[in-house]
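Chain by chain, the residues:
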Amino acid sequence: MHIIVHNAKCHGHARCWSQAPEIFKLDEDGYILPGNIDVAAGNEFCASRGARSCPERALEIIRSSDTAPVMA
Ligand code: SF4
């Protein structure tokens, strides 16, 4: 699972961090750091909860199955 970080949408609410501080890193002003996030399998629940808590929809969840090639 990956999380695409849309920095331009972040308003610094820190809700993501409050759900999963080990996954969502913020700068000193409370805005999420740039760079997409690779989530280890064991952290998917917390990461998903944190991403869904963002009121600005700045965190886009990409599940592995979303990117799997389609077999014809
Ligand atoms: S919850 Fe959303 S708006 Fe708030 S810091 Fe995290 S990414 Fe930014």
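Here the structure is shown first, and the text comes after it.
Predicted model only: the values in this text are computed from it and were never measured.

Enquirer: Can you walk me through the side chain of S53 in this structure?
Expert: Checked against the element boundaries, S53 lands in the loop between α2 (44-52) and β3 (59-62). Reaching out from S53, the side chain makes a polar contact with the backbone oxygen of R15 at a distance of 3.5 Å. Apart from the residues within four sequence positions on either side, S53 is in contact with R15, C16 and Q19.

Enquirer: I'm lost on the sheet that holds strand β1 (residues 2-5) in this one. Help?
Expert: Sheet strands pair by backbone hydrogen bonding; their relative direction is either parallel or antiparallel. Across the sheet, 3 strands lie side by side as β2-β1-β3; this open sheet has antiparallel pairing. Whereas interior strands pair on both sides, the edge strands pair on one side only; in this sheet they are β2 (37-38) and β3. Note: β1 against β2, 2 bridges, orientation antiparallel. Note on β2: the bridge partner recorded for I3 is I37. Packed onto the sheet, α2 meets β1 and β3 and runs at close to 140° relative to β3.

Enquirer: Would you mind going over empty space enclosed by the protein with me for this structure?
Expert: Once rolled over the atoms, a probe with the size of a water molecule shows which space is left empty. Counted under the stated rule, the structure contains 1 cavity of 30 Å³ or more. Around the largest cavity, the lining is made up of 15 residues, and of these C10, H13, A14, C16 and C54 lie nearest the centre.

The rules behind these values
- Residues numbered from 1 in each chain as written.
- Predicted model: local features only at pLDDT ≥ 70, side-chain atom pairs only at ≥ 80, totals over all residues.
- Heavy atoms only, no water.
- Helix = DSSP H or I, 4+ residues; strand = E, 2+ residues; numbered from the N terminus.
- Polar contact = N/O pair within 3.5 Å; in protein donor to acceptor, adjacent residues only side chain to side chain.
- Contact = heavy atoms within 4.5 Å.
- Pairing = 2+ DSSP bridges.
- Axes fitted to C-alpha atoms, helices over the stretch in contact; angles between N-to-C directions.
- 1 Å grid on protein atoms, 1.4 Å probe; cavity = no way out; pocket = protein on both sides within 12 Å on 5 of 7 lines; lining within 4 Å.
- Points joined across faces, edges and corners; volume = space filled by probe spheres on them.

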